[in-house]
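# Structural overview for review
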Amino acid sequence: MSHDGVRLRAVMRSVVFLTAGALAVPTLASCGSDDESGKPLAAQDIAPAGRDLVADGGTLRWAVDDVPETLNTFQSDADDATTRVAEAVLPAMFRLDAQGRPQRDADYLESAKVVDTEPKQVVLYKLDQQAVWSDGREIGAADFAAQWRALSGKDSAYWTARNAGYDRIEKIERGANNLEVKVTFSRPYADWKALFSPLYPKDVMGTPDAFNDGARRKLKVTAGAFSVQKVDRKDKEIVLGRNPHWWGRPAKLSQIVLAAVPLDKRAAALADGSVDLAEIDPADASRIALAGRAKGTSTPLQGATPTGKDENKNESRQKKKLSKKERKALAKFLRQQDALRAFTVRRSLEPAYTQLALNGSEGPLADERVRRAVARALDRTELAKVVLKPLGLPAVPVGSHLALSGQAAYADNSGALGGQDTTEAQALLADAGWVPGGPVKDKGEKAAGSEGKKSKKSDDGAESEGGSDGQYIVGEDNKDPQDHTKKHGHGDESSKHLADGKQYDGRKVKQGGAPGAYAPKGTAAPADAKTGLLAKDGKPLALRFVLPSGTGSESLGAVADSISRMLEKVGIRTEITKVSDDSYFKDHIASGQYDLALYSWPASAFPATDARPIFAKPVPAADGSLNVEQNYTRVGTDQVDQLFDQAASTLDEDESAALVRKADARIWAAAGSIPLYQRPQLTAARRTLANAGSFGFQTPLYEDMGFLKKGATPSASPTKD
């Protein structure tokens, strides 16, 4: 999740679309735990190997979406590639472990702890005595102080995207010696471990000009296992080389090349040797799995063709004479399949979840009862299966808005709203005044949901794609939606605080829900509610469901179809509209031009800080507009804001986690967004590549990545020699 003050472009890089598809592989077992926070649902998959099994030298070519516009992670146009460079070349006081929890980085820190709480919170950092910048200068208090001043928010000349946490620092000073840094806070800050990771040299942070422009295209001074050797925008790659001043375990690789390769070009890039490691979509994962199974056999590939279609069902079509163009395409495809045998698919779950967002600013969803009805109509386990089961990943719905299973603040608080219950959903809608078969005004008048572009119909009544805003309506004339995924193949509330998830374990709240998550006692679902679509005041209950249409969005359509069918069962009609990726977020999500939408948020190890702007109650701005920060559902409460503030201000980690869980329970009860499932992470890796792949929560160890020695095989876990 992004921090406070982040501008639209940075938000757009954080809001990620899911990808999924059919890949027949064994299901990974999810982990059980008596601890409320549990364990990660899927382990990381990186082919771990001891450093003694990894050869010295070699170049790893790693696919990224694009060459980043900036190498400064604190600027609004930083992206995933910016983060990858920073992780490899810059200090971080804390990095995330396999459970998504912050751990001290021993290469830079001997210790870091709160040494005083009265009258002010004081954190003392003791740096490793070998820690130096690549120019030979010691890492010290001057670097910490320069970064604080740049990110404090007090000097508007610094074009920063975020200042959360840094705005609470009162002063930074040298400790007992050059290796000690003393940070004093003006007010308590629970998430202090989030600060100074990464840490830039004072040369970058010392002046506004250096901050704004100096680190956009180059980083002259670094302090990681690697350094930036070249940023080549013409060839669209960044070259990282070994840092000769590095004092930690020497990097196994000589170079890491981050090469810009679009998602739909990655299978070809893998096949021609342009890259060794790449996150891929399910279709490419299926190709690689098929290529691996075909190794050493003469059996034709089943289900994978140059067009991505199964052409082996009809034998006569196989024997049909191919045109010269088709023969050329087939030959190219088979050559690629042969080359793809050198790769394997490493799969885990991303530290991000996909949600159904409900715009509560206007229309039917401004009524909390209708939002709750939508939530109660959904079978979240079935929706998780749509995406994750074909990939062999645990199809477990996410139980928290603020953390994922394994993280310290995680608890399944979905009971605050309640599980799938069609009867209860219908009762909630009836209590809100929506009745089946009610009089509907002339079609020329606006429906209850957000207005959308009406789909055109052909002579036989079939709905067309409606141009770039393709739309079809689920529930109209009781017809099932047509399969649109192929068409778009391109691809305040009371002062009483709710307790954490333990309150909603099925023993203390009937039917698994919190007070207020149900219609008033005695409200019955209408007898004919199972089949009738609903209306109120002459307007049908129709919700505009907006989706992106670009590459990798196919499974969003599949999930949306399933959601639409579930909503139709309780009398809610959905109008699905597909828009371009460029328009999706800017013109629809951020501007509030939708009723329902699917998008994802990355998880954070520091939810009290990072999640607050996503769920903060919108407030009027000075110009009369509504300041929603990153809360694009426009649903928020004073109590949730208060709980976030309390969680960020307590230095007791257990108490802070408990407050985050309480906040999550209230977010569930408000039903502004419904977490569905953790996103799949599929990475194609050369079979000889070790300690790299689908990392899950953990920050990669770049110095341990490399190619296996001849005859070596990965071990159960990497060693640290």
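This text follows the structure it describes.
Right, let's walk through the structure included here. For clarity, every value in this text was computed on a predicted model and none was experimentally measured.

Counted residue by residue, strand β19 (residues 596-602) has six buried out of seven residues, so it is predominantly covered. With seven bridges connecting them, strand β12 (residues 343-358) and β19 associate as antiparallel partners. Bridging across to β19, A352 finds its partner in P602. Relative to β19, strand β17 (residues 542-548) is paired through two bridges, and the arrangement is parallel. Counterpart to F545 in the pairing with β19 is L596.

What follows deals with the packing of helix α11 (residues 380-388) against helix α13 (residues 554-568). Across the interface, α11 lies against α13 with an axial gap of 9 Å and an inter-helix angle of 160 degrees. Relative to α13, α11 is oriented roughly antiparallel. Classified by chirality, the crossing of α13 by α11 is right-handed. Across the interface between the two elements, E382, L383, V386 and V387 of α11 pack against A558, V559, S562, I563 and M566 of α13. In terms of residue class, the contact of α11 with α13 is made up of seven nonpolar, one polar and one charged.

Once that is clear, we can look at the packing of aromatic side chains. If you walk through the whole model with that rule in mind, you get 19 aromatic pairs. Geometrically, the ring pair formed by F94 and W192 is edge-to-face, given 5.8 Å between the ring centres and 85 degrees between the ring planes. Of this pair, F94 sits in strand β2 (residues 94-96) while W192 is found in the loop between β7 (180-185) and α4 (202-205), placing the two residues 98 residues apart along the sequence. Each of the two residues, F94 as well as W192, counts as buried. A centroid spacing of 5.5 Å and a plane angle of 85 degrees characterise the contact between Y108 and W247, whose relative ring orientation is edge-to-face.

To continue, consider unusual backbone geometry. Cis geometry is adopted by the peptide bond preceding P119, which originates at E118 and carries an omega value of 0 degrees. Note that P119 resides in the loop between β4 (109-116) and β5 (122-127). Cis rather than trans, the peptide bond between S197 and P198 has omega equal to 5 degrees. The topology assignment puts P198 in the loop between β7 and α4. Not every positive phi belongs to a glycine, and A47 is a case in point at roughly 50 degrees. Its place among the elements puts A47 in the loop between α1 (8-14) and β1 (59-64).

Attention now moves to the sheet that holds strand β13 (residues 435-436). Strand pairing in a sheet relies on backbone hydrogen bonds, with the paired strands running either antiparallel or parallel. Across the sheet, three strands lie side by side as β13-β15-β16; this open sheet has antiparallel pairing. Two strands in the sheet have a free side with no partner beyond their single neighbour: β13 and β16 (539-540). The pairing of β13 with strand β15 (residues 534-536) spans two bridges and is antiparallel. Within β15, the position partnered with P436 by the bridge is L534.

Bringing helix α12 (residues 422-431) into the picture now. Inspection of α12 places E424, A425, Q426, A427, L428 and L429 among the buried residues, and these make up the whole buried set. Contacts from the buried residues of α12 go to α10 (368-377) and β15. For α12, the N-terminal cap is D421; the gap from its side-chain oxygen to the backbone nitrogen of T423 is 3.2 Å. Immediately beyond the C-terminal end of α12, within one or two residues, lies G433, with a positive phi of roughly 95 degrees.

Rules used throughout
Residues numbered from 1 in each chain as written. Predicted model: local features only at pLDDT ≥ 70, side-chain atom pairs only at ≥ 80, totals over all residues. Heavy atoms only, no water. Buried < 20%, exposed > 50% of the residue type's maximum accessible area, 1.4 Å probe, protein only. Helix = DSSP H or I, 4+ residues; strand = E, 2+ residues; numbered from the N terminus. Pairing = 2+ DSSP bridges. Axes fitted to C-alpha atoms, helices over the stretch in contact; angles between N-to-C directions. Parallel < 35°, antiparallel > 145°, perpendicular 65-115°, else oblique. Left-handed = near helix turned anticlockwise from the far one by under 90°. Contact = heavy atoms within 4.5 Å. Nonpolar A, V, L, I, M, F, W, Y, C, P; charged D, E, K, R; others polar. Phe/Tyr/Trp six-rings, centres within 6.5 Å; stacked < 30°, edge-to-face > 60°. Polar contact = N/O pair within 3.5 Å; in protein donor to acceptor, adjacent residues only side chain to side chain.

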